[in-house]
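Residues per chain, in single letters:
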Amino acid sequence: MVTVRLCRRPPRGTMISIITFREEASHNRSMTSRGHQSELHGCLTRIIQRLPPAAFSFVMATGIVAVAARRLQLNLIDQAFFTIAAAGYVVLLTMLLLKLAFFPKEVVGDFKNPQKAPGFFTLVAGTSVFGVGLIKIVSMPQTALILWYFASILYSLLIYAFLLSLITKADREGLLTAVNGTWLLLVVGLQSISVLATTLHESGILLDLQIPISCFLIGISMYMFVLFLVVGRILFLQIEPEQLIPPYWIMMGAAAISTLAGSELTLACRLQSPPISYLPFLEGTTVSIWTVAVSWIPLLLCLGIWRHGLKRVKLSYEIGLWSIVFPLGMLAASSHSLSKSQHLPWLATVLPYMFLTAAVAWSLVALRFLLSFIPNRTMKVEPGAGK
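Residues numbered from 1 in each chain as written. Predicted model: local features only at pLDDT ≥ 70, side-chain atom pairs only at ≥ 80, totals over all residues. Heavy atoms only, no water.

Draft legend 1. Representation of the overall build of the protein. Along the backbone of the protein there are 13 helices and zero strands. Across the protein, helices and strands are ordered from the amino to the carboxyl terminus as α-α-α-α-α-α-α-α-α-α-α-α-α. Burial status across the protein gives 46% buried among its 387 residues. Of the contacts made within the protein by residues no fewer than 6 positions apart, 81% connect residues no fewer than 24 positions apart. (Helix = DSSP H or I, 4+ residues; strand = E, 2+ residues; numbered from the N terminus. Buried < 20%, exposed > 50% of the residue type's maximum accessible area, 1.4 Å probe, protein only. Contact = heavy atoms within 4.5 Å.)

Printed below as a string of structure tokens:
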């Protein structure tokens, strides 16, 4: 026996309403999806357009912490930091190329600004530090050689373009007030090229040692000249707490990377036959510049307390915070090299504490960076709202 169940057909108007509702729901979902895509595209566009010139200070800081960890034979830690540095280098380089392609006026405007232009030298230093990591951590000297050529050519273009922009600047009024700690990135970039060249020489790629030696000596001279301008700006011109930005720590970082360059050159020159005649000069200069680097620490700490403790300047995330991490990591790496080149065993005993300080500073800045993405949900209460 077959049972036939009859279903009642809904009214025609009901069917039309259901179909219309489904079409509207589908349209709303499509519009919502397009809205999210448009919002994401606009957000990425703004990030690329506002990419600061000193963005590669993140690569500098992360890469040198990785190199310092390798020198202390912290194998897993150095690989983790190097992986982060490599990812950051690729992402930031892609963003910089996109900014050059779609927002060239912003790039030119940043380069014409004497306060921002030195930040472009972080690309040189970041590339060189990344190249050192390629040799020391993942054993890729040929790739590092390509990066050395890239960094050297880029530095040559940037330094002459920067000097020409200052010389031909029509409005000279207030030029000295534009001097800040970022100007010492000119020294950091040149000394990073010297360090990478010496590291390539040690890895078996026979670059003439006169190249890194020349970079080292020019960098020392440039450090003294630029430091004179920076210190003169601080001492003889009015400076507000907000202007005492974190990149002033590069005063220490430039001396620390000069120490690393001199120590590596000292070790390499001792292996030359016949030995280089001005080796004692390299040794004395390296020890002296390391002393200068260490002597900056108390003053920089006091200035930080004055800025944030007494003057109540809010410690919010900015790209310049990586300029504090980089000198700390570079001091650890350079002290390790100096202890080997000058046979200072007492210095080797404090290296773990130097590295720990740099690693903690990196973690705090990274945490502050991540927290900057959390929106402020503090609600404003309207007057009389509780009545």
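Draft legend 2. Structural view of the pattern of salt bridges. Scanning the model with the defined rule gives six salt bridges in all. In this structure, the salt-bridge partner of Arg70 is Asp78, at a minimum N-O distance of 2.8 Å. Given a relative accessible area of 24%, Arg70 falls into the partly exposed group. When its relative accessible area of 0% is taken as the criterion, Asp78 is described as buried. Note that Lys99 is salt-bridged to Asp110, the shortest N-O span being 3.2 Å. (Salt bridge = Lys/Arg side-chain N within 4 Å of Asp/Glu carboxyl O.)

Draft legend 3. Structural view of the nonpolar core. Core analysis: the biggest nonpolar cluster contains 117 residues, and Tyr155, Leu184, Val188, Leu200 and Tyr223 have the highest contact counts within it. Sort the elements by how many residues they give to this core and helix H9 (residues 250-269) lands first, with twelve residues. Not counting chain neighbours up to four residues away, the residues in contact with Leu184 comprise Tyr223, Val226, Leu227, Ile250, Met251 and Ala254. (Core = buried A, V, L, I, M, F, W, Y, C linked by side-chain atoms within 4.5 Å.)

Draft legend 4. Examining the layout of surface pockets more closely. Of the voids in this model, the largest pocket is the one considered here, and its volume is about 670 Å³. Contributions of two or more residues to the lining of the largest pocket are made by helix H1 (12-49), helix H3 (75-102) and helix H13 (351-371). If one sorts the elements of the lining of the largest pocket by residue count, H3 sits on top with six residues. Considering only residue class, the lining of the largest pocket consists of 18 nonpolar, one polar and two charged. (1 Å grid on protein atoms, 1.4 Å probe; cavity = no way out; pocket = protein on both sides within 12 Å on 5 of 7 lines; lining within 4 Å. Points joined across faces, edges and corners; volume = space filled by probe spheres on them. Nonpolar A, V, L, I, M, F, W, Y, C, P; charged D, E, K, R; others polar.)

Draft legend 5. View of helix H2 (residues 57-71). Taking 1.5 Å of rise per residue, the 15 residues of H2 would be expected to cover 21 Å, and the 21 Å separating its terminal C-alpha atoms lies within 8% of that figure. Of all 15 residues in H2, 14 are buried; the element is thus mostly enclosed. Two residues or fewer past H2, Gln73 is found with a positive phi of approximately 60°. (Expected span 1.5 Å × (residues − 1).)

Draft legend 6. Quick look at unusual backbone geometry. A positive phi angle is found at Gln73, which is not glycine, with a value near 60°. Mapped onto the elements of the fold, Gln73 is located in the loop between H2 and H3. Under the relative-accessibility criterion, Gln73 is labelled exposed at 66%. We note that Arg312 has phi near 60°; this positive angle belongs to a residue other than glycine. Along the chain, the position of Arg312 falls in the loop between helix H10 (279-310) and helix H11 (322-341).

Draft legend 7. Inspection of H10 at higher detail. Across its 32 residues, H10 extends 47 Å between first and last C-alpha, which sits within 8% of the 46 Å expected from 1.5 Å per residue. Ile297 marks the point of greatest bend in H10, at about 25°, and the proline Pro298 comes within the next four residues. Residues of H10 that are buried: Leu279, Leu282, Glu283, Thr285, Thr286, Ile289, Trp290, Ala293, Trp296, Leu300 and Arg307. Turning to H10, the residues buried within the fold contact helix H8 (210-236), H9, H11 and helix H12 (345-349). One or two residues past the end of H10 sits Arg312, with phi positive at roughly 60°. (Bend = angle between axes of the 7 residues up to and from the residue.)

Draft legend 8. Spatial organisation of empty space enclosed by the protein. All chains considered together, the criterion is met by one cavity of 30 Å³ or more. Within this model, the largest cavity holds a volume of roughly 100 Å³. In this structure, the largest cavity is lined by 14 residues; those nearest its centre are Ile64, Val129, Val132, Val195 and Leu260. Where the lining of the largest cavity is concerned, the elements lending two or more residues are H2, helix H5 (121-136), helix H7 (185-202) and H9.

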